[in-house]
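An overview of the molecular structure
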Amino acid sequence: MSNKFSIVIPTYENSDYLKLCINSILKNSTFSHQIIVHINGYDVNTEKILLEKKITYTKSIENIGLCSGVNIASRKASTNYILYAHDDMYFLPNWDSILYEEVKKINHKNFYLSMTHISHMSGVKGDIQHIKYDCGSNINEFDENKLLKNFKNFEFRNLQGSHWAPHLIHIDLWNKIGGFSEEFNPGFASDPDLNMKLWLQNVRIFKGVSMSRVYHFGSLTTRKNKKITPNKGKRTFLLKWKFSVEFFNKHYLKRGSIYEGPLGDPNKNFIYFIDLILSKIKFYFYRVF
């Protein structure tokens, strides 16, 4: 059976979670998939697991960051689709068949599909991007049976403009935009930057798929290395694109609203121009100071 997706997972000193993640893919997928892991830093335990499971991997001596790690690993991809995921995610049954049905319905390459998170965390105020359901805040508390029994029972809508991993992109589109922009290492704000690059390639389908689900512990392992100074990702985005992440999410992606089809151009109303002026003020402040 040929592989459907190339699943790219960066990892950093997180072998227990990575093993759970890989096992969930092997156990709960409808199709077979290529799994490619990038090991950030010297990690004997992780490398041993990958060798035993015959998983393709790349590695770097140091933690070079999420963006660089994913880009390196994605060069090993052998399928038409790149699916980027975190190492602390548990993939739930039929996640892939649901995504693949979406791909077939779209019937072209210009799309960005996201899976839906289930998490113990509440998220930030007003955040409706994931389903809150506690099956453990860490791997030692993880209740797999509870999750498998109940994960389908939550009503949730397809969302517009979601940019969270796991996300699925056609490999031709991924290569055209050069994957993640490495100036965003260790990874903060790299997702909206990726979405902006896709927007400039006339991608207008940004869809969070409700029933394609993962459980996410939320440890952000690749980004946690204290030796890497986090680069103020939102500031990097603002200086690069001349408006803020929040402006892009609100007026372009309409992130968090109910999915109603491909996006159009932003509605340039009074609120749009007020938000744009505020973004420009911040842009010039950062550029000067």
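One structure accompanies this document, and this report is about it. (Residues numbered from 1 in each chain as written. Predicted model: local features only at pLDDT ≥ 70, side-chain atom pairs only at ≥ 80, totals over all residues. Heavy atoms only, no water.)

Our focus in this paragraph is the overall build of the protein chain. Broken down by element type, the protein chain carries ten helices and ten strands. Taking 289 residues into account, the globule formula puts the C-alpha radius of gyration at 19 Å, and the protein chain, at 19 Å, falls close to it. With respect to the three principal axes, the spread of C-alpha positions in the protein chain is 55 × 40 × 35 Å. Burial statistics for the protein chain: of 289 residues in total, 57% are counted as buried. Considering only contacts within the protein chain whose residues lie at least 6 apart along the sequence, 78% involve residues at least 24 apart. Accessible area of the protein chain: about 13,700 Å², with a carbon and sulfur share of 52%. Between the centroid of the 39 positive side chains of the protein chain and the centroid of its 26 negative side chains there is a distance of 5 Å. (Helix = DSSP H or I, 4+ residues; strand = E, 2+ residues; numbered from the N terminus. Rg over C-alpha atoms; globule rule 2.2 N^0.38 Å. Buried < 20%, exposed > 50% of the residue type's maximum accessible area, 1.4 Å probe, protein only. Contact = heavy atoms within 4.5 Å. Areas by Shrake-Rupley, 256 points an atom, 1.4 Å probe, with all protein chains shown as cover. Lys, Arg positive; Asp, Glu negative; His and termini not counted. Charge placed at Lys NZ, Arg CZ, Asp CG, Glu CD.)

Enumeration over the complete set of coordinates arrives at ten salt bridges. Notably, a salt bridge pairs lysine 104 with glutamate 101, separated by 3.0 Å at the nearest N-O pair. Here the residue lysine 104 and the residue glutamate 101 both occupy positions in helix α4 (residues 95-106), the gap between them amounting to three residues, near one helical turn. On the basis of relative accessibility, which here comes to 46%, the residue lysine 104 falls in the partly exposed class. The partner of glutamate 246 in a salt bridge is lysine 234, with the nearest N and O atoms 2.7 Å apart. One end of the pair, glutamate 246, is in helix α9 (residues 245-253); the other, lysine 234, is in helix α8 (residues 233-241), and twelve residues separate them in sequence. Look at glutamate 246 and you get partly exposed, because its relative accessible area is 40%. Sharing partners across several salt bridges, the network here consists of Glu102, Lys105 and Lys207. (Salt bridge = Lys/Arg side-chain N within 4 Å of Asp/Glu carboxyl O.)

This next bit is on a nonpolar patch on the surface. Together, Phe270, Ile271, Ile274, Ile277, Leu278 and Ile281 give the surface a local cluster of nonpolar side chains, amounting to about 600 Å² of exposed area. With respect to the helices and strands, phenylalanine 270 occurs in helix α10 (residues 270-288). The class for phenylalanine 270 is exposed, based on a relative accessible area of 63%. (Patch = residues over 30% accessible without salt bridge, like charges linked within 9 Å, V, L, I, M, F, W, Y side chains within 5 Å.)

Turning to the packing of α8 against α10, a few remarks are in order. It is at 9 Å that the axes of α8 and α10 come closest, and there the two elements cross at 100 degrees. One finds that α8 runs roughly perpendicular with respect to α10. On α10, the residues that touch Arg235, Leu238 and Leu239 of α8 are Ser279, Lys282, Phe283, Tyr286 and Arg287. Of the residues in the contact of α8 with α10, the class split is four nonpolar, one polar and three charged. (Axes fitted to C-alpha atoms, helices over the stretch in contact; angles between N-to-C directions. Parallel < 35°, antiparallel > 145°, perpendicular 65-115°, else oblique. Nonpolar A, V, L, I, M, F, W, Y, C, P; charged D, E, K, R; others polar.)

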